[in-house]
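Chain by chain, the residues run as shown.
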Amino acid sequence: MADRLYTLVVAVISVAAFIMVAYPLYFIIIASVSNSTMVNQGQVILWPKDINLYGYEQIFKDTRIWQGYKNTIIYTVLGTLLNLLVTLPAAYALSQRKFRARRFIMPLFVITMYFGGGMIPTYLLIRDLNLLNTPWVMIVNGAISVYNLIITRTFFETAIPEELHEAATLDGCSHFRYFISVVVPLSKAVISVITLYYVVGHWNDFFNALLYINTDSLQPLQIVLRNILLSNQAFAGGAGSGAGAGAGSYAQQFADQIKYAVIIVSTVPVLIIYPFIQKYFEKGVMIGAVKG
Amino acid sequence: MKPAQTTVPHQTLRGNGWLRRQAGHYQLWLMVLPAVIYIAIFCYGPMYGIQLAFREFDFSKGLTGGEWAGFKYFEQYFNSPMFWPTLRNTFIIAFFSILLGFPMPILLALVVNSIRSNRRKRILQTTVYMPYFISTVVLVALLQIMLSPTTGLIDGFLKALHLIPADTNLIGDPGAFVPVYVISAIWQACGWNSIIFIAALSSVDAQQYDAARIDGANRWQTVWHVEIPAILPTIIILLIMNMGSILSVGFEKTFLMQNSLNKPVSEVISTYVFNVGVKSNQFSFGSAVGLFNTLINFTFLMLANALAKKTSKISLM
């Protein structure tokens, strides 16, 4: 009896959790292709109605979005490459038990997870380094996340047998070569997990741009999104493009539909990579968080 | 196998043995060097800059060139009319975030772990992880759309069920700010945060379940006597870590959700640091407020860690 009640409770909670998370996401998709008047009247509930791609058409005309997209892609690709180039070798070195220096390097890294200089000293440092208003601040700042370093180091320690290194050393293999030709190929799981973390971090980065960038042409997607979604700045076809009052009010009428489309266009790239890496998550997170 | 340096005659090592050993490790040093340089500049650099909180900021002399000012800027903050509101708002948001946000992922993990069909389990997991990948800007935009008093889906739903009064404005109302903040945070991160508990649960030995069944435990008792104890160490470690960031209430989300109507309850320490420090260039004052925040965080971390060590012998360090 108690067991059946348990099964029932589990079923109810899991269905409720599924609907609460999935429905808002699904709603945005159907609302982005539906007649926005019907959406606002609450008629669009399960299926899109009066399907049109007006929102998406407007986005394709808006140069700010594409500029933001371009900047974000550049920051994400270069930033993530730098992240991996710094994190992986450091994690390897720190995973070597014979490397005694790790005993004092590691604590120095871990302290920074809990204690930092704060917003203002960091801002002034970036300013003194002449990184303000340069693309470099978006790429270099945050070059390594200690959390990801710990995940990777623990993976190298536990998943790659030490005998392998001994055998390689006997064959005259250097650390560099062993790292590149043995460790990296064996670590696809952890490398994909931290790559995803870094990519999502760069893609969604709003804070760095808010603080350190104020040139329009360098703004990443998230700042552009904020202007369009939250500050309600007029969209293409409205003010600025000289399309006239008629087109402007037309655009205003469809503002919500454009917003739904913007949300989808800006979020889909991250969502696309995630299912491929999902199977490694549990392992990656487990290694990182418990043994930290 | 012994390290390479043991093949060198011992006498020659005397005096500079450490140096030689490190020389043998030059490749490892090269590999860790970029990370060390980065941490030194971008993490310890700002820590060195903390002294700004005790100095007058001098534009021409940079971070550490100004005259010493003692605790002037701390006193200025403690005596300012913004001290209590910012501290109170930060604490309230942090308190409810932990109180409601911390147990939910554990509950979700227990539920996911109880689903027998692998397919259903996978569908649920894939779905609940997803909101974690949505940016804060998009999340706040979603909230504004969904909670709009005229056309919002959730707003309409809650009003139709009479769960909230018909004249409530969930976006502007100061009374709605904390619930909206906390509930949306749970919506976004609960699934993601449950991963670690799911992973911990998956390592519970099947024999323990069998043993519980033989002892006549029902499913509820199994949760209580087998599953909870199995993930308890994980729970404690994560609770300590969350306590350590109790006051670092997410700057981005608070900042983005802030508007003139909810400002009395949404101005937290980090947004205040941004507003006075970066926006109005009061660098020394901003540093002092920021340092105050960091010190409280650190105190909470140490307290929680010590408490956990004493009661359960589990600790971070």
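On a predicted model such as this, the values are computed, not experimentally measured, just so you know. In this numbering scheme, every chain counts its residues from 1 along its sequence in written order. In the order they appear in the text, chains get letters beginning with A and ligands get numbers beginning with 1. Per-residue local features are limited, in this predicted model, to residues with pLDDT of at least 70; the limit for side-chain atom pairs, both in listing and counting, is 80 or more; totals at the level of whole chains, interfaces and linings are taken over all residues. Side-chain measures here rest on the full set of heavy atoms in the structure, leaving out hydrogens and waters.

A. Geometry of the overall build of chain A. The helix and strand inventory of chain A stands at 15 helices and 0 strands. Burial analysis of chain A (292 residues in total) assigns 51% to the buried set. Pairs of residues are marked as contacts when any of their non-hydrogen atoms sit within 4.5 Å. Contacts in chain A between residues at least 24 apart in sequence constitute 73% of all its contacts with a sequence separation of at least 6. The helix and strand labels rest on DSSP assignments: H or I over at least four residues marks a helix, E over at least two residues marks a strand, and numbering proceeds from the N terminus. Buried, partly exposed and exposed residues are distinguished by accessible area as a fraction of the type maximum, computed with a 1.4 Å probe on protein chains only: under 20%, between the cut-offs, and over 50%, respectively.

B. Region of interest: the overall build of chain B. When its secondary structure is counted, chain B shows 16 helices and 0 strands. For chain B, whose C-alpha radius of gyration is 26 Å, the value lies well above the compact-globule estimate of 20 Å for 317 residues. Dimensions of chain B along its principal axes, counting C-alpha atoms only, are 85 × 65 × 35 Å. Burial status across chain B gives 51% buried among its 317 residues. Residue pairs in contact within chain B that sit at least 24 positions apart in sequence constitute 64% of those at least 6 positions apart. Throughout, the Shrake-Rupley method with a 1.4 Å probe supplies accessible areas, and for residues the shown protein chains are the sole cover considered. Carbon and sulfur atoms make up 65% of the accessible area of chain B, which totals about 15,700 Å². Counted as positive: Lys and Arg. Counted as negative: Asp and Glu, with His and the chain ends omitted from the count. Taken as the charge location is NZ of Lys, CZ of Arg, CG of Asp or CD of Glu. Side-chain charges in chain B split into 22 positive and 13 negative, and the spacing between the mean points of these groups amounts to 13 Å. Using C-alpha atoms as the atom set, the radius of gyration is obtained and then compared with a globule rule of 2.2 Å times the number of residues to the power 0.38.

C. Examining the interface of chain B and chain A more closely. Contacts between chain B and chain A engage 89 residues on the former and 92 residues on the latter. Throughout, the accessible surface (probe 1.4 Å) given up by two parts as they are put together, summed over both, is called the buried area. A buried area of about 8,500 Å², summed over both sides, lies between chain B and chain A, and 79% of it is on carbon and sulfur atoms. One speaks of a salt bridge when a side-chain nitrogen belonging to Lys or Arg is within 4 Å of a carboxyl oxygen belonging to Asp or Glu. Linking chain B with chain A are 0 salt bridges. Top contributing element to the side of chain B that touches chain A by residue count: helix α3 (residues 26-48) of chain B, with 17 residues. Amino acid classes used here: Ala, Val, Leu, Ile, Met, Phe, Trp, Tyr, Cys and Pro are nonpolar; Asp, Glu, Lys and Arg are charged; the rest, including Gly, are polar. Split by residue class, the side of chain B that touches chain A holds 65 nonpolar, 19 polar and 5 charged.

D. Here's a closer look at the pattern of salt bridges. Under the defined criterion, the tally for this structure stands at 9 salt bridges over all chains. In this structure, R97 of chain A engages E162 of chain A in a salt bridge whose closest nitrogen and oxygen atoms are separated by 3.5 Å. On the criterion of sequence distance, the pair formed by R97 of chain A in the loop between α4 (63-95) and α5 (102-114) and E162 of chain A in helix α9 (residues 162-170) is long-range, its members being 65 residues apart. A relative accessible area of 38% means that E162 of chain A is categorised as partly exposed. Put simply, R219 of chain B and E227 of chain B hold a salt bridge, and the shortest N to O gap is 3.4 Å. On the basis of relative accessible area, E227 of chain B is assigned to the buried category, the value being 0%. Residues joined in a network through salt bridges with shared partners are R102, R153 and E157 of chain A.

E. Molecular detail of the packing of helix α6 (residues 103-114) of chain B against helix α7 (residues 118-129) of chain B. All names here are of chain B. Where α6 meets α7, the axes come as close as 9 Å, and the angle between the chain directions of the two elements is 155 degrees. The pairing of α6 with α7 is recorded here as roughly antiparallel in orientation. Between α6 and α7 lies a crossing of left-handed hand. In this structure, α6 uses L108, V112 and N113 to contact α7, whose residues at the interface are K121, L124, Q125 and V128. Here the residues of the contact of α6 with α7 are counted per class, giving 4 nonpolar, 2 polar and 1 charged. Axes here refer to lines fitted to C-alpha atoms; in helices the fit is confined to the stretch in contact. Angles between the N-to-C directions go from 0 to 180 degrees. Roughly parallel covers angles under 35 degrees, roughly antiparallel covers those over 145, roughly perpendicular covers 65 to 115, and oblique covers all other angles. Working rule for handedness: look at the near helix, and if it is turned counterclockwise from the far one by less than a right angle, call the crossing left-handed; if clockwise, right-handed.

F. The packing of aromatic side chains, seen in detail. Between 30 and 60 degrees the pair is tilted, below 30 it is stacked and above 60 it is edge-to-face, where a pair is any two Phe, Tyr or Trp rings, Trp via its six-membered ring, whose centres lie within 6.5 Å. Tallied over the entire structure, the rule returns 41 aromatic pairs over all chains. Consider the rings of Y23 of chain A and F27 of chain A, whose centres lie 6.2 Å apart with planes at 40 degrees: the pair is tilted. Separated by 4 residues within a single helix, Y23 of chain A and F27 of chain A lie in helix α1 (residues 2-32), roughly one turn from each other. Ring centres of Y129 of chain B and W192 of chain B lie 6.0 Å apart, and the angle between their planes is 80 degrees; this geometry places the pair in the edge-to-face category.

G. Local environment of unusual backbone geometry. For N130 of chain A, which is not a glycine, the phi torsion comes out positive at approximately 60 degrees. Here N130 of chain A lies in the loop between α6 (119-128) and α7 (135-140). Backbone geometry at N281 of chain B places phi at a positive 55 degrees, although glycine is not the residue there. Checked against the element boundaries, N281 of chain B lands in the loop between α15 (269-279) and α16 (283-312).

H. Inspection of the environment of W136 of chain A at higher detail. All names here are of chain A. For W136, the position within the fold is in helix α7. Each C-alpha atom of the pair W136 and Y75 lies 8.4 Å from the other, and the pair is 61 residues apart in sequence. With residues near it in sequence (within four places) discarded, W136 still touches L131 and N141.

I. Layout of the nonpolar core. Nine residue types can take part in a nonpolar core, namely buried Ala, Val, Leu, Ile, Met, Phe, Trp, Tyr and Cys, and a core is a set of them joined through side-chain atoms within 4.5 Å. Judged by nonpolar contacts, the single largest core of 184 residues is most densely connected at F156 and F281 of chain A. Per-element accounting of this core gives the leading share, 16 residues, to helix α10 (residues 174-202) of chain B. What F281 of chain A contacts, discounting residues up to four positions off in sequence, is V193, L196 and Y274 of chain A together with Y129, F133, W192 and I195 of chain B.

J. Focus on the packing of α5 of chain A against α3 of chain B. At a closest axis distance of 10 Å, the pairing of α5 of chain A and α3 of chain B adopts a crossing angle of 40 degrees. As summarised for this structure, α5 of chain A and α3 of chain B are arranged oblique, according to the angle between their axes. The handedness of the crossing between α5 of chain A and α3 of chain B comes out as left-handed. Counted together, F104, I105, L108, F109, I111 and T112 of chain A of α5 of chain A and W29, V32, A35, V36, I39, C43, Y44 and M47 of chain B of α3 of chain B form the full contact between these two elements. Within the contact of α5 of chain A with α3 of chain B, the residues separate by chemical class into 13 nonpolar, 1 polar and no charged.

K. A look at a nonpolar patch on the surface. Taken together, the side chains of L129 and F176 of chain A together with Y26, L30, L33, I37 and I41 of chain B define a hydrophobic patch exposed on the protein surface, amounting to about 590 Å² of accessible area. Ranked by the residues each element gives to the nonpolar patch, the list is headed by α3 of chain B, at 5 residues. Note that L33 of chain B resides in helix α3. In this scheme, patches are assembled from residues that exceed 30% relative accessible area and form no salt bridge. Like charges are connected within 9 Å, while nonpolar side chains (Val, Leu, Ile, Met, Phe, Trp, Tyr) are connected within 5 Å.

L. Just the confidence of the model for chain B, in detail. By definition, pLDDT measures how confident the predictor is in each residue, and it falls between 0 and 100. Across chain B, the average pLDDT comes to 87, with 92% of residues at or above 70. Put simply, helix α1 (residues 10-13) of chain B is where chain B has its lowest mean pLDDT, 46, and α6 of chain B is where it has its highest, 95.

M. Spatial organisation of the confidence of the model for chain A. Residue and element names in this part refer to chain A. Per-residue confidence for chain A averages 86 on the pLDDT scale, and 89% of its residues sit at or above 70. Of all secondary-structure elements in chain A, the lowest mean pLDDT belongs to helix α14 (residues 244-253), at 48, while α7 reaches the highest, 96. Per-residue pLDDT stays below 50 along residues 236-249; that stretch engages in 11 contacts with residues further than four places along the chain or on separate chains.

N. Structural context of the environment of P185 of chain A. Residue and element names in this part refer to chain A. Among the structural elements, P185 can be located in helix α10 (residues 175-186). On the basis of relative accessible area, P185 is assigned to the partly exposed category, the value being 39%. The spatial distance from the C-alpha of P185 to the C-alpha of T7 is 43 Å, given a sequence separation of 178 residues. Ignoring anything within four residues of it in the chain, the contact list for P185 reads F179 and I180.

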